[in-house]
Amino acid sequence: MNNRLNREKIRELMNSRYMGNYNRFSRELGVDPAHLYRFLNTGIGGGKKIIFSLMNYCERNNLDYKKFIDL
């Protein structure tokens, strides 16, 4: 079974909380803006850095990180 991050749901989170601003959202996640941009637009680079950053972000903001993972 291959679990994948749902890029569309992550993009919706960025759009709703940060008005689509990659810099602000990446700062909150603790990742490089270029890395986030590349992942959201091409799917490349969605490794453990993005996964753990998203999980930590969700924990800090009382969100369910499972919403952003396609099981």
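Because the structure is predicted, anything quoted here is derived from the model rather than measured.

Asks: Quick question: what am I supposed to make of the packing of aromatic side chains here?
Replies: We describe a pair of aromatic rings using the distance from one ring centre to the other and the angle between the two ring planes. Under the counting rule described, the total for this entry stands at four aromatic pairs. Ring centres of Tyr18 and Phe25 lie 5.5 Å apart, and the angle between their planes is 35°; this geometry places the pair in the tilted category. Judged by its relative accessible area of 10%, Tyr18 is buried. Arranged with centres 5.1 Å apart and planes meeting at 65°, the rings of Tyr22 and Tyr37 form a pair that is edge-to-face. Separated by 15 residues along the polypeptide, Tyr22 in helix α2 (residues 22-29) and Tyr37 in helix α3 (residues 33-42) bring together distant segments of the chain. The exposure class assigned to Tyr22 is partly exposed, which follows from its relative accessible area of 21%. Classification of Tyr37 as partly exposed rests on a relative accessible area of 46%.

Asks: Explain the nonpolar core here, please?
Replies: Within soluble globular proteins, side chains that are nonpolar generally end up buried alongside one another. By size, the foremost hydrophobic cluster in this structure holds 17 residues, and its most contacted members are Leu5, Ile10, Phe25, Leu29, Leu36 and Leu54. Every element with two or more residues in this core is listed here: α1 (7-18), α2, α3 and α4 (48-60). Contact partners of Leu36, with chain neighbours within four places excluded, come to Tyr22, Phe25, Ser26, Leu29, Val31 and Ile50.

Asks: What is the right way to read α4 from this model?
Replies: Since the α-helix packs 3.6 residues into each turn, any two residues three or four apart lie on the same face. End to end, α4 covers 18 Å across 13 residues, agreeing with the expected 18 Å (1.5 Å per residue, within 8%). By the burial criterion, the buried members of α4 are Ile50, Ser53, Leu54, Tyr57 and Cys58. Along the axis of α4, the buried positions cluster into a sector of 135°, meaning they face one direction only. For α4, the exposed residues set more than 90 degrees away from the buried face come down to Lys48 and Glu59. The elements touched by buried residues of α4 are β1 (4-5), α1, α2 and α3.

Asks: I tried to follow the packing of α1 against α3 on my own but got confused; where do I start?
Replies: Two numbers describe a pair of packed helices, the interaxial angle and the distance between the axes. Look at α1 against α3: their axes get within 9 Å of each other, and the N-to-C directions meet at 130°. Taken together, the axes of α1 and α3 are oblique relative to one another. Crossing handedness for the pair α1 and α3: left-handed. Note on element contacts: α3 touches α1 through Phe39, Leu40, Asn41 and Thr42, opposite Arg7, Ile10, Arg11 and Met14.

Asks: Explanation requested: the environment of Leu5 in the structure shown.
Replies: Relative to the assigned elements, Leu5 resides in strand β1. According to the relative accessible area criterion, Leu5 is buried, its value standing at 15%. If we skip the residues at most four places from it in the chain, Leu5 touches Ile10, Phe39, Gly46, Ile50, Ile51, Leu54, Phe68 and Ile69.

The rules behind the values
Residues numbered from 1 in each chain as written. Predicted model: local features only at pLDDT ≥ 70, side-chain atom pairs only at ≥ 80, totals over all residues. Heavy atoms only, no water. Phe/Tyr/Trp six-rings, centres within 6.5 Å; stacked < 30°, edge-to-face > 60°. Buried < 20%, exposed > 50% of the residue type's maximum accessible area, 1.4 Å probe, protein only. Helix = DSSP H or I, 4+ residues; strand = E, 2+ residues; numbered from the N terminus. Core = buried A, V, L, I, M, F, W, Y, C linked by side-chain atoms within 4.5 Å. Contact = heavy atoms within 4.5 Å. Expected span 1.5 Å × (residues − 1). Arc of directions from axis to C-beta. Axes fitted to C-alpha atoms, helices over the stretch in contact; angles between N-to-C directions. Parallel < 35°, antiparallel > 145°, perpendicular 65-115°, else oblique. Left-handed = near helix turned anticlockwise from the far one by under 90°.

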